[in-house]
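# Secondary and tertiary structure notes
One letter stands for each residue in the lines below.
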Amino acid sequence: KAFISITVQTKTNEISLLNNTYAKDDYTNVTDKLVSYLGRNIFLKPHHPLSLVRQRIINFFYKSFVNRRGNPIFSIYENLPPIVDIDQNFDSLLIPEDHPSRTKSDCYYINRKYLLRAHMTAHQSELMQAGLNNFLMIGDVYRRDEIDRTHYPVFHQLDAVRLRTKEQIFLKDEALNIFEEGNNTAFTSAQEKQACHSLEAVKLMEFELKDTLVGLAKYLFGNNVEYRWVDTYFPFTQPSWELEVLYENNWLELLGCGIMRQPILSNAGINDKIGWAFGLGLERIAMCLYKIPDIRLFWSNDSGFLNQFKVNDINATISYKPISQYPQCTNDISFWLPKDREFSSNDFYDLVRSIGGDLIEQVSLIDNFIHPKTGKTSHCYRITYRHMEKTLTQSEVNVVHKNIEKSVEELGVTIR
Ligand code: FA5
Ligand code: MG
């Protein structure tokens, strides 16, 4: 039955999503399975672990940034619709036409114009145009990606923007400016400041940004948290950094941030301010804070999971106790890739997820082989099945696996 759900879409030339109808075209790749997540808003449900993390971060910003009367200055946007256009998700953020993050194999497109937002940064420009200077944007984001315990095609991000004028950063010091006549030829690395900015302004912004984010990491993980800054690149910030924290002996990427590229502000009609911005993932933080072992659990309606987060104090220490680990079943699938059309592993992952739903714990490419005579490529994937709340029988798994084998031919592959 699950197998029918992906074919339904191809019968009509339109898709209805959140009370709107969209024409399909050659870019359409949203699946029915994905569409079923729209509007579930688990990050807003009281006591949901993502909601606890969300509220703690909001409280940190309320406490850290107040005006002279002691009122919080950051405004919170958590109902921004997840369907955005390519201008919001890419163009307004100066993401180049040929950037890999735009490809069909990375995003869920509704058609050539609209997609499910791939990051919360998509709303930056519209909120700046509305006149806001300090704001947080929180919501569900959608990406085509691998399948394992830490990756899910829907996850949640919290993004922030803070804009400052010359008077706000330099106070009464008339001699200092945000902008200078930039020497555009002086680029040596991605870490260099933008030519239009003065070094003084950038250093003060960098200091406040890093101080805020280290403060946030300590607020969430405790004062003794070990952290490090890593230089990185984003098309919409320069310089750019990632903050990593040490968690169970691994460096975990918590967030990306940087000084906003000035054309994003000027395109939004802002010519007298400099800004910093960051974006973080809520699942990663919740998985560490509450020791949640598998990202699928966030979507569980099981009371054995949800009740563990019913606390009166959102800052309470919670350590998730697995209800029980039910056994895994693995089944492999091998096929020849088509020679006459494109094939991306993400196409296969989506298909597996559409059919197997949350029974799928992991899909991994275990063999990639080119036939020496025919030149044909063969992929072998290992699919790990595990139910979160009961033991799966081999025959239940076989039914799903057969359905996957049957429908994988839609991708033009030939089962070996
Ligand atoms: C971005 O999405 C940028 N928009 C962030 C940003 C905003 C940078 C503003 C500068 C200014 P990235 O793809 O690295 O960047 O994701 C940001 C964070 O989301 C990551 O640090 C991580 O915490 C989380 N994240 C990213 N991909 C996943 C995933 N597949 N599963 C869980 N969390 C993820
Ligand atoms: Mg990243």
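Residues numbered from 1 in each chain as written. Chains lettered and ligands numbered in written order. Predicted model: local features only at pLDDT ≥ 70, side-chain atom pairs only at ≥ 80, totals over all residues.

Of the regular secondary structure elements, the protein holds 12 helices and 15 strands. Here the C-alpha atoms of the protein give a radius of gyration of 23 Å, agreeing with the 22 Å that 2.2 N^0.38 yields for 416 residues. By principal-axis analysis of the C-alpha atoms, the protein measures approximately 75 × 50 × 45 Å. A total of 416 residues make up the protein; the buried ones form 32% of that total. (Helix = DSSP H or I, 4+ residues; strand = E, 2+ residues; numbered from the N terminus. Rg over C-alpha atoms; globule rule 2.2 N^0.38 Å. Buried ≥ 20, exposed ≤ 12 C-beta atoms within 10 Å, placed from the backbone.)

Contacts to ligand 1 come from 22 residues, most closely from His-119, Thr-121, Gly-256, Gly-279 and Gly-281. The set of elements that each furnish at least two residues to the shell around ligand 1 consists of strand 7 (154-165), strand 10 (250-260), strand 11 (273-281) and helix 9 (282-289). In terms of residue count, strand 10 provides more of the shell around ligand 1 than any other element does, six residues in total. (Near = placed C-beta within 6 Å.)

Further remarks concern the sheet that holds strand 11. In a beta sheet, neighbouring strands pair by backbone hydrogen bonds and run either parallel or antiparallel. The seven strands are arranged 3-6-7-11-10-9-8 in an open sheet whose pairing can be described as mixed. Edge strands, defined here as strands with exactly one partner in the open sheet, are strand 3 (75-77) and strand 8 (227-234). When strand polarity is set aside, the average angle formed by the axes of neighbouring strands in this sheet is 20°. Here strand 3 runs beside strand 6 (residues 134-142); their pairing, made up of three bridges, is parallel. Looking at the pairing, Ile-76 lines up with Leu-136 of strand 6. Taken strand by strand, helix 9 contacts strand 7, strand 9 (237-247), strand 10 and strand 11, and its axis lies near 110° from that of strand 7. (Pairing = 2+ DSSP bridges. Axes fitted to C-alpha atoms, helices over the stretch in contact; angles between N-to-C directions. Contact = placed C-beta atoms within 7 Å.)

With that settled, the discussion passes to the packing of helix 3 (residues 49-64) against helix 7 (residues 199-221). Packed helix pairs are characterised by how far apart their axes lie and by the angle those axes make with each other. Where helix 3 contacts helix 7, the axes come no closer than 10 Å and their chain directions differ by 130°. The angle between the axes of helix 3 and helix 7 places the two elements in the oblique class. Read as a crossing pair, helix 3 and helix 7 show a hand that is right-handed. Residues Arg-56, Ile-57, Phe-60 and Ser-64 of helix 3 pack against Thr-212, Gly-215, Leu-216, Tyr-219 and Leu-220 of helix 7. Grouping the constituent residues of the contact of helix 3 with helix 7 by class yields five nonpolar, three polar and one charged. (Parallel < 35°, antiparallel > 145°, perpendicular 65-115°, else oblique. Left-handed = near helix turned anticlockwise from the far one by under 90°. Nonpolar A, V, L, I, M, F, W, Y, C, P; charged D, E, K, R; others polar.)

With that out of the way, let us pick up the nonpolar core. Core analysis: the biggest nonpolar cluster contains 69 residues, and Leu-115, Leu-213 and Cys-257 have the highest contact counts within it. Among all residues touching Cys-257, those that are not within four sequence positions of it are Leu-209, Leu-213, Thr-237, Trp-241, Trp-276, Ala-277 and Phe-278. In this structure, Phe-335, Phe-348, Val-397 and Val-413 belong to the second largest nonpolar core, which totals 19 residues. (Core = buried A, V, L, I, M, F, W, Y, C linked by C-beta atoms within 7 Å.)

Our focus in this paragraph is the pairing of strand 9. Two elements, strand 8 and strand 9, share seven bridges in a ladder whose sense is antiparallel. Residue pairing in the sheet places Trp-229 in a bridge with Leu-243 of strand 9. Counting the residues between successive antiparallel strands, the hairpin from strand 8 to strand 9 contains two residues. Count of turn residues in the strand 9/strand 10 antiparallel hairpin: two residues, of which Glu-248 carries a positive phi of about 45°.

Partitioning the protein into structural domains gives domain 1 (32-289) and domain 2 (324-415). For domain 1 versus domain 2, the separation of C-alpha centres amounts to 35 Å. At the interface, eight residues of domain 1 touch 10 residues of domain 2. Residues belonging to the side of domain 1 that touches domain 2 are distributed by class as follows: two nonpolar, one polar and five charged. (Domains from an automatic or database assignment.)

Residues three or four positions apart in an α-helix share a direction because the helix packs 3.6 residues into each turn. In this model helix 11 (residues 345-356) runs 16 Å from its N-terminal to its C-terminal C-alpha over 12 residues, within 8% of the 16 Å that 1.5 Å per residue would give. Of all the 12 residues making up helix 11, 10 are buried; the element is thus mostly covered by neighbouring parts of the structure. Of the residues making up helix 11, those classed as buried are Asn-346, Phe-348, Tyr-349, Asp-350, Leu-351, Val-352, Arg-353, Ser-354, Ile-355 and Gly-356. Positive backbone phi, approximately 55°, marks Gly-357, located one or two places after helix 11. (Expected span 1.5 Å × (residues − 1).)

Let's shift gears to the environment of Pro-72. Along the chain, Pro-72 falls in the loop between helix 3 and strand 3. For Pro-72, a count of 16 C-beta atoms within 10 Å puts it in the partly exposed group. Placed 23 residues apart in sequence, Pro-72 and Ile-95 show a C-alpha to C-alpha distance of 32 Å. Excluding anything up to four places from it in sequence, Pro-72 contacts Tyr-62, Phe-65 and Val-66.

Another point: the pairing of strand 6. With eight of nine residues buried, strand 6 is to be regarded as a mostly interior element. Across nine bridges, the pairing between strand 6 and strand 7 is antiparallel. Across the sheet, residue Ile-138 finds its bridge partner in strand 7, namely Leu-158.

One can find Asn-307 in the loop between helix 10 (303-306) and strand 12 (329-336). Along the backbone, Asn-307 and His-47 are 260 residues apart, and their C-alpha atoms lie at a distance of 8.4 Å.

Right, let's get into the confidence of the model for the protein. Mean pLDDT for the protein: 92, with 94% of residues reaching 70 or above. Across residues 1-10, confidence stays below pLDDT 50; counting only partners more than four residues off in sequence or on other chains, it has 18 contacts. Reported confidence for the predicted complex is 0.98 by ipTM and 0.83 by pTM. (pLDDT = per-residue confidence, 0-100.)

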